[in-house]
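# Fold and contact review
Here are the chains, one letter per residue:
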Amino acid sequence: MADKPIRADKATAVAEMTDSFRNAGATVLTEYRGLTVSQLTQLRRSLGKETTYTVAKNTLAKRAAADAGISGLDELFTGPTALTFVSGDVVEAAKGLRDFAKANPKLVIKGGVFEGKAISAAEVTKLADLESREVLLAKLAGAMKGNLSKAAALFQAPLSKAARVAAALADKKREQEGAEAA
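Now for a look at the structure at hand. (Residues numbered from 1 in each chain as written. Predicted model: local features only at pLDDT ≥ 70, side-chain atom pairs only at ≥ 80, totals over all residues. Heavy atoms only, no water.)

Examined against the element boundaries, Thr 84 turns out to sit in strand β3 (residues 81–86). A residue is classified by how much of its surface remains accessible, and Thr 84, at 0% relative accessible area, is buried. Not counting chain neighbours up to four residues away, the residues in contact with Thr 84 comprise Ala 26, Thr 27, Val 28, Leu 47, Thr 51, Thr 52, Tyr 53 and Leu 97. (Helix = DSSP H or I, 4+ residues; strand = E, 2+ residues; numbered from the N terminus. Buried < 20%, exposed > 50% of the residue type's maximum accessible area, 1.4 Å probe, protein only. Contact = heavy atoms within 4.5 Å.)

Right under this line is the structure:
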């Protein structure tokens, strides 16, 4: 990218976008051509408070991504582009974008950045198909509880088996003593 000087207001916008790229857990690029202002407002509300949806100029967004050390997005900066900076749960934001795109086919998910690496639109969809963090944690806790129960039963088995053998030997000894006495 050519290092030609930019105006102060554009430099401020690039600096803000660079910070957003660096601070976001993920960034998703979308094309919003044909959506109304009310639809974009509805999308912003559906994404939640920890996610910002910003319309950006492609040249400024390219420069901000480069300044943030992110590569592989240059081909995505074509047409009207909006950036979704996700600070909270990436899966929930990806689900929100996917669901909105299903209801409004004019919203096109182009791709994005996750953990500093460029990802395709298909990978954003895969993120959206994951279950929420809470559900995954609950499943993990259930699996751990099940394994702990199995371990406890396994450790108790030799003790209970030894107790049954001792009881059987005591019964057999009583029978033998009873037979000898008779």
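Now that the structure is up, let's keep going.
For the coordinates displayed, the defined rule picks out one aromatic pair. Centroid distance Phe 21 to Phe 85: 5.3 Å. Interplanar angle 90 degrees. Geometry classified as edge-to-face. Taken together, the residues Phe 21 in helix α1 (residues 8–23) and Phe 85 in strand β3 connect sequence positions 64 residues apart. Owing to a relative accessible area of 4%, Phe 21 belongs among the buried residues under this scheme. Exposure remark for Phe 85: the relative accessible area of 4% places this residue in the buried category. (Phe/Tyr/Trp six-rings, centres within 6.5 Å; stacked < 30°, edge-to-face > 60°.)

What follows deals with helix α4 (residues 90–103). Its 14 residues place the ends of α4 20 Å apart at the C-alpha level, agreeing with the 20 Å of an ideal helix rising 1.5 Å per residue. The element α4 is extensively covered by neighbouring structure, given that 10 of its 14 residues are classed as buried. Those residues of α4 hidden inside the fold are in contact with β1 (26–31), α2 (37–47), β2 (51–56), β3, β4 (108–114) and α5 (121–129). (Expected span 1.5 Å × (residues − 1).)

Turning our eyes to something else, we now look at the environment of Gly 34. With respect to the helices and strands, the residue Gly 34 is situated in the loop between β1 and α2. By relative accessible area, which is 44% here, Gly 34 ends up partly exposed.

For the rest of this paragraph, the subject is unusual backbone geometry. Of note, the phi angle at Glu 115 is positive, near 55 degrees, even though the residue is not glycine. Since its relative accessible area comes to 64%, Glu 115 is described here as exposed.

Before going further, it helps to examine the nonpolar core. Tyr 32, Leu 35, Leu 43, Tyr 53, Leu 97, Leu 107 and Val 124 are the most contacted members of the largest nonpolar core, which has 22 residues in total. At the level of secondary structure, the elements contributing two or more residues to this core comprise β1, α2, β3, α4 and α5. With six residues, α4 is the single largest residue contributor to this core. Beyond its immediate stretch of four places on either side in the chain, Leu 43 contacts Tyr 53, Leu 97, Phe 100 and Leu 107. In this structure, Phe 21, Leu 29, Ala 65 and Leu 73 belong to the second largest nonpolar core, which totals 17 residues. (Core = buried A, V, L, I, M, F, W, Y, C linked by side-chain atoms within 4.5 Å.)

A separate point is the sheet that holds β4. Taken together, five strands build an open sheet; the order of strands is β2-β3-β1-β4-β5 and the sheet is antiparallel. Since the sheet does not close on itself, it has two edges, and those belong to β2 and β5 (117–120), each with one partner. Looking at each pair of strands side by side, their axes are set apart by 25 degrees on average, direction ignored. Relative to β3, β2 is paired through six bridges, and the arrangement is antiparallel. Along β3, the bridge assignment pairs Thr 51 with Val 86. (Pairing = 2+ DSSP bridges. Axes fitted to C-alpha atoms, helices over the stretch in contact; angles between N-to-C directions.)

Right, let's get into the packing of α4 against α5. Two elements in contact, α4 and α5, have axes whose closest approach is 7 Å; the angle formed by their N-to-C orientations is 110 degrees. It follows from the interaxial angle that α4 and α5 lie roughly perpendicular. Of the two possible hands of crossing, α4 and α5 adopt the one that is left-handed. Residues Val 90, Val 91, Ala 94, Lys 95 and Arg 98 of α4 form the contact with α5, whose participating residues are Val 124, Leu 127, Ala 128 and Asp 129. For the contact of α4 with α5, the residue count by class is six nonpolar, no polar and three charged. (Parallel < 35°, antiparallel > 145°, perpendicular 65-115°, else oblique. Left-handed = near helix turned anticlockwise from the far one by under 90°. Nonpolar A, V, L, I, M, F, W, Y, C, P; charged D, E, K, R; others polar.)

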